[in-house]
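A look at the structure
Okay, here's what each chain looks like letter by letter:
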Amino acid sequence: MFQRCKPLEFADIADAFEPVYFSANSVVIKQGDESDEYFYIVQDGILEHSIIRAGNKRILDPFQQGSSFGEIALMYDTPRVMTVTACEDCKLWKIDRTTFRSIHQYHARKTCNSNTSLLKNISIGGTKLEEVWTSDQFDDMHSVLDTDFFSKGEVILQEGMTGDILYIIESGT
């Protein structure tokens, strides 16, 4: 879920997490609950998660340090699909849907503005795109742009590769 975040967006999301503590046998989320809108990351402790289908309770592998759950709650306003119960005292980190979406939308707008500015300054045959493209064309182009990150020394293109991607250097050399 966070793989496509740029470093600043990821840092803002990480900073928005809050610690929360649950004692042993506490229910963190309950299957069918419609009011819980948090995503959790486990720092300490073990939690059981289970699903009830057709009246049968199925216990799945436990969540432990480094596990996360509740990602659907960040994206959609739907009932919880499982119950998560603390097996021992636990420390989790949580972020709510509204905060997550606000941060994501802020960075999406910022990226859109940055990409549009970058595109406007591209020259083809001595003519800048901003001189020939309409606002709608910039919007169309922005909607298909994606960001990739490459490490120093990593091969991006080499002779013989299929040339089906246009790269625009945003930063770096």
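As a starting point, this report considers the structure included with it. Since this is a predicted model, take the numbers as computed values, not measurements.

At their nearest, the axes of helix 1 (residues 7-16) and helix 3 (residues 97-120) sit 10 Å apart, and the two run at 160° to each other. Classified by the angle their axes make, helix 1 and helix 3 are roughly antiparallel. Remark: the crossing between helix 1 and helix 3 carries right-handed chirality. Here L8, E9, D12, I13 and A16 of helix 1 come into contact with helix 3, specifically with T99, F100, I103, H104, H107 and K110. Of the residues that constitute the contact of helix 1 with helix 3, the class distribution is five nonpolar, three polar and three charged.

What follows is about the packing of helix 3 against helix 4 (residues 135-144). Interhelical geometry of helix 3 versus helix 4 gives an angle of 115° and a closest axis separation of 10 Å. Here the hand of the crossing between helix 3 and helix 4 comes out right-handed. Where helix 3 abuts helix 4, its residues T111, C112, N115, T116, L119 and K120 lie against F138, M141 and H142.

A separate point is a nonpolar patch on the surface. On the surface, F150, I156, L157, M161, I165 and Y167 cluster together to form a nonpolar patch covering roughly 540 Å² of accessible area. Overall, the relative accessible area of 43% leaves M161 in the partly exposed class.

What follows is about the side chain of E9. Counting through the fold element by element, E9 comes out in helix 1. Within the buried set, E9 has no salt-bridge partner at all; the shortest N-O distance to an opposite charge, 8.0 Å, is to K6. Every residue in contact with E9, bar those within four places of it in the chain, is listed here: I103, H104 and H107.

Before going further, it helps to spend a moment on helix 3. Three- or four-residue spacings in an α-helix give side chains the same orientation, since the helix completes a turn every 3.6 residues. With 24 residues, helix 3 should reach 34 Å at 1.5 Å per residue; the first-to-last C-alpha distance of 34 Å fits that figure. When helix 3 is considered as a whole, its buried residues turn out to be R97, F100, I103, H107, N115, T116 and L119. Turning to helix 3, the residues buried within the fold contact helix 1, helix 2 (71-75), strand 8 (90-96) and helix 4. With a side-chain oxygen positioned 3.1 Å from the backbone nitrogen of T98, the residue opening helix 3 is D96.

Take the packing of aromatic side chains next. If you walk through the whole model with that rule in mind, you get six aromatic pairs. On the basis of an interplanar angle of 70° and a centroid distance of 6.4 Å, the ring pair of F22 and Y40 is categorised as edge-to-face. Of this pair, F22 sits in strand 1 (residues 18-22) while Y40 sits in strand 3 (residues 38-44); the two residues are 18 residues apart in sequence, bridging distant segments of the chain. Taken as a pair, F22 and Y40 share a single burial class, namely buried. Between Y38 and Y40, the aromatic rings sit 6.2 Å apart at their centres with planes inclined by 50°, giving tilted as the arrangement.

Reading the values: the criteria
Residues numbered from 1 in each chain as written. Predicted model: local features only at pLDDT ≥ 70, side-chain atom pairs only at ≥ 80, totals over all residues. Heavy atoms only, no water. Axes fitted to C-alpha atoms, helices over the stretch in contact; angles between N-to-C directions. Helix = DSSP H or I, 4+ residues; strand = E, 2+ residues; numbered from the N terminus. Parallel < 35°, antiparallel > 145°, perpendicular 65-115°, else oblique. Left-handed = near helix turned anticlockwise from the far one by under 90°. Contact = heavy atoms within 4.5 Å. Nonpolar A, V, L, I, M, F, W, Y, C, P; charged D, E, K, R; others polar. Patch = residues over 30% accessible without salt bridge, like charges linked within 9 Å, V, L, I, M, F, W, Y side chains within 5 Å. Areas by Shrake-Rupley, 256 points an atom, 1.4 Å probe, with all protein chains shown as cover. Salt bridge = Lys/Arg side-chain N within 4 Å of Asp/Glu carboxyl O. Buried < 20%, exposed > 50% of the residue type's maximum accessible area, 1.4 Å probe, protein only. Lys, Arg positive; Asp, Glu negative; His and termini not counted. Expected span 1.5 Å × (residues − 1). Polar contact = N/O pair within 3.5 Å; in protein donor to acceptor, adjacent residues only side chain to side chain. Phe/Tyr/Trp six-rings, centres within 6.5 Å; stacked < 30°, edge-to-face > 60°.

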